Amino acid sequence: MVQSGKTSREIGASRRIYLSLRDQITSGVYAAGDRLPSSRALADELGVSRTTVTAAYDQLISEGYIQVRQGAKPTVTADGRPSYARSVPPTREITPQLSAYASRAMALPKHISADQAMLQYDFRYGDVASSDFPKLAWRRALNAAVLAHRERLGYEHPAGNLALRQTLQGYLWRARGIECDVAQIVIVSGSQQALDLCARVLVDDGGRVVLEEPCYAMARNVMLATGADPIAIPCDKDGMDTSRLPDPKGVALAFVTPSHQFPLGGVLPSGRRKALIEWAVAGNTYIIEDDYDGEYRYDVRPIPPLWMTGQDRVIYVGTVSKTLSPTLRLGYMVLPDTLVEPFVRCKQITDRHSASFEQEGLASMIETGAYESHVRKMRRLNAERRAIFLKAMADAFGDEVEIVGTSAGLHVVVWFNRIAASDEERFADCARQEGIGIYPISRLFAAPTDQRAGFIFGYASMPVTLIGKGVDHLASAYRSRLRLD
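Since the model is a prediction, treat every value here as computed from it, not as a measurement. (Residues numbered from 1 in each chain as written. Predicted model: local features only at pLDDT ≥ 70, side-chain atom pairs only at ≥ 80, totals over all residues. Heavy atoms only, no water.)

Trainee: Honestly, the sheet that holds strand β13 (residues 411-420) in this entry has me stumped. Any pointers?
Mentor: The strands that make up a sheet pair up through hydrogen bonds in the backbone, lying either parallel or antiparallel. Read from one edge to the other, the open sheet built from 4 strands follows the order β12-β13-β16-β15, with strand pairing classed as antiparallel. The open sheet has two edge strands with one neighbour each: β12 (401-404) and β15 (439-440). Across 4 bridges, β12 lies against β13 in antiparallel orientation. Within the sheet, the bridge partner assigned to isoleucine 403 lies in β13 and is valine 414. This element, helix α12 (residues 370-397), spans β12, β13 and β16 (452-458) of the sheet and lies at about 10° to β13. Across the sheet, helix α13 (residues 424-433) lies against β13, β15 and β16, angled at about 45° from β16, the strand it touches most. (Pairing = 2+ DSSP bridges. Helix = DSSP H or I, 4+ residues; strand = E, 2+ residues; numbered from the N terminus. Contact = heavy atoms within 4.5 Å. Axes fitted to C-alpha atoms, helices over the stretch in contact; angles between N-to-C directions.)

Trainee: Got a minute to help me understand unusual backbone geometry in this structure?
Mentor: Glycine aside, residues mostly have negative phi, and peptide bonds are mostly found in the trans state. In the segment running from glutamate 213 into proline 214, the intervening peptide bond is cis, with an omega of 5°. Relative to the helices and strands, proline 214 resides in the loop between β5 (208-213) and α8 (217-226). In this chain, phenylalanine 262 is followed by proline 263 through a cis amide linkage whose omega measures 10°. Tracing the backbone shows proline 263 in the loop between β8 (251-256) and α9 (270-283). A positive phi angle is found at arginine 329, which is not glycine, with a value near 55°. On the secondary structure map, arginine 329 appears in the loop between β10 (314-319) and β11 (331-334).

Trainee: Could you clarify how one ought to interpret the packing of aromatic side chains in this entry?
Mentor: In this description, an aromatic ring pair is defined by two values, namely the gap between the centres and the angle between the planes. Inspection of every chain in the model, using the stated rule, returns 17 aromatic pairs. Taking the centre distance of 5.7 Å and the plane angle of 70° together, the rings of phenylalanine 427 and phenylalanine 455 count as edge-to-face. Here phenylalanine 427 is found in helix α13, whereas its partner phenylalanine 455 is found in strand β16, with 28 residues between them in sequence. An aromatic cluster of three or more residues is present, and its members are Tyr125, Tyr216, Phe262, Tyr292 and Tyr439. Above the ring of tyrosine 155, the side-chain terminus of arginine 352 is found at 3.8 Å from the ring centroid. (Phe/Tyr/Trp six-rings, centres within 6.5 Å; stacked < 30°, edge-to-face > 60°. Lys NZ or Arg CZ within 6 Å of the ring centre and 35° of its normal.)

Trainee: Help me understand the environment of proline 74, please; the structure alone is not making it clear to me.
Mentor: Mapped onto the fold, proline 74 is located in the loop between β1 (66-67) and β2 (75-76). By relative accessible area, which is 6% here, proline 74 ends up buried. For the pair formed by proline 74 and arginine 272, sequence separation is 198 residues and the distance between their alpha carbons is 80 Å. (Buried < 20%, exposed > 50% of the residue type's maximum accessible area, 1.4 Å probe, protein only.)

Trainee: I tried to follow the environment of glycine 160 on my own but got confused; where do I start?
Mentor: Relative to the helices and strands, glycine 160 is located in the loop between α5 (135-147) and α6 (162-176). Residues glycine 160 and aspartate 293 lie 133 residues apart in sequence; the distance between their C-alpha atoms is 22 Å. Excluding anything up to four places from it in sequence, glycine 160 contacts Arg165, Ile187 and Gln359.

Have a look at this one:
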């Protein structure tokens, strides 16, 4: 920071003097009790102003390296180092004392997609193509939000921007049939924060939590990091097998993806939905309904949310990550009335509120109809991507693979009949060496049971022209691997 009345040259000289003297003190050139030159003498010796030297001495005093008495030269302190540095040798590696939460989080598998190299043919699920983002519509909406007149810039309400919550109320009714009060909607920084808030508000250390098997990895991770005791309930072609639910007493939460089970793609039928709600009511248990890709239905009619039949037990979670972009970090929750205040309080403590300008931009897009127009466009485009992918896989692999979860969403699961489950990671590594990204499904199981290798394929982030080429290259790598075996 530039100090008033000093030039940048003077400040640079002062810092160089400070660093030189500090290094001499810490290395023992000046021992404890030694006197430094007076500010006037050192200034004359170095050819700088006395003010420059005084500033360097002031910094050394503030950090505890020297002390000064009126009329005397500066003196090095007791052992030549500031008191806070005396107990720790400078070369010693310090092991941080982590909280139980951080220790549990560090023990979880690390799969950070941003750390991985770019691939020519990447079937990563969860990503969307940058070319699909409505750049002009978003720029107009965001510019309007930034340029709007405000008396002052201040903190937003932790529940979220009122205009966005009002427009979402209408959108949820039109798109998903959800009728709720504006007060029940809380804006979050993506669905991951929604899951984190659910764990913070409703789960104690050691609390029991029901999860799907297989399950969205980040849902399992947030519960494990919180210290929850997860109970894995197997899923089949119809989603979670509710006949295998445990005694609900003492269970804090259940996490489900009933409209499109992640990753297998099953749709929870009405009988199982009814059983799940009755189970939750009996145990005073809450259900997290993650409707992560409810906008994308292809061969079937949209599935009504579980929230509509169990409003006082269900926490509905939605996001714009699959319709706009995961980079926006915007999502929303629809809460039972009794949970609104605890969630809003905890949201405020967590991050005060989600980004204000982005909230206003999204509200503008929904209000003008630009958002729903974009969703319809994306539904058509991703239906085309899906059709191209399925045809390419059928042509390249035939009955050597089984593909499930094709009726909705932005991904499918492909089971390879001639590759053992134990070879999943090895085949994924082989494909990556050829510039192809495929992702083992075993990472999403607490305890995999299928004997075949399975992989999750996302197609929403790939240009239409590359999908077929990517499948052909994968087929080539697959044939090479079979020959090697």
